Amino acid sequence: MWGRAVAQGAAAGLAGTFVMTAAEKVEQRCTGRPDSEVPGRTLARLLGRPDRRRRSMNLAMHFGQGALVGALRGVMAAAGLRGPWASAMFWVVRLTSDQTLENATGVGAPPWTWPRRELAVDLTHKGVYALGTGAVADWLAARQGPGPGQRHAAKRPGRRSGAGPLARRSG
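Residues numbered from 1 in each chain as written. Predicted model: local features only at pLDDT ≥ 70, side-chain atom pairs only at ≥ 80, totals over all residues. Heavy atoms only, no water.

Q: Could you give an account of the packing of aromatic side chains, with specific residues and numbers?
A: What the rule picks out here adds up to two aromatic pairs. Measuring from ring centre to ring centre gives 4.9 Å for Phe18 and Phe63, while their planes differ by 55°; the resulting arrangement is tilted. Separated by 45 residues along the polypeptide, Phe18 in helix α1 (residues 2–31) and Phe63 in helix α3 (residues 55–79) bring together distant segments of the chain. One Lys or Arg, Arg94, reaches over the ring of Tyr129 and ends 4.5 Å from the middle of that ring. (Phe/Tyr/Trp six-rings, centres within 6.5 Å; stacked < 30°, edge-to-face > 60°. Helix = DSSP H or I, 4+ residues; strand = E, 2+ residues; numbered from the N terminus. Lys NZ or Arg CZ within 6 Å of the ring centre and 35° of its normal.)

Q: Please give an account of the nonpolar core that cites residues and values.
A: Counting seven residues, the largest nonpolar core is built from Met20, Val69, Met76, Ala86, Phe90, Tyr129 and Ala130. Residues contacting Tyr129, with those up to four places away along its chain left out, are Gly13, Gly16, Thr17, Met20, Gly66, Val69, Gly70, Phe90 and Arg94. (Core = buried A, V, L, I, M, F, W, Y, C linked by side-chain atoms within 4.5 Å. Buried < 20%, exposed > 50% of the residue type's maximum accessible area, 1.4 Å probe, protein only. Contact = heavy atoms within 4.5 Å.)

Q: Quick rundown of the side chain of His62? Include the residues and the values.
A: With respect to the element layout, His62 can be found in helix α3. A polar contact of 2.9 Å, which involves the side chain of His62, links it to the side chain of Thr21. (Polar contact = N/O pair within 3.5 Å; in protein donor to acceptor, adjacent residues only side chain to side chain.)

Okay, structure coming up:
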């Protein structure tokens, strides 16, 4: 079950990255903002490679990180964490992943030091990613039925110590 959830989440993360990229391209046409080189520079530093402008590095980091972080959203959906609340929680995970890698490599700076417009653009695009990834992950997980958390809530809603644990499902 969990291996399938990871694979479905990675696929959902790729789909979410495609949606985010499309939204970025629309935004860039409207605002004239150039492509960011931060993802590619971050990957170059993580790999110990020279800091050069390479579209391939940018795309590899953009889609690779989207798939890798998306794997977690697949596990969330399989566990029963689905819908807008789960996507909002996941939005924070994606933002945290980006900022941790960018700041650890020295490519980025903490978001609270950014110009407000730049911060708003990044938050919006990562929100689009989280919603797109979440929609696909939730749809894929729903095909396997309710997750353990949903079954628990159906038995006795809320966070109650006397309600579980649920019996393990075979298979």
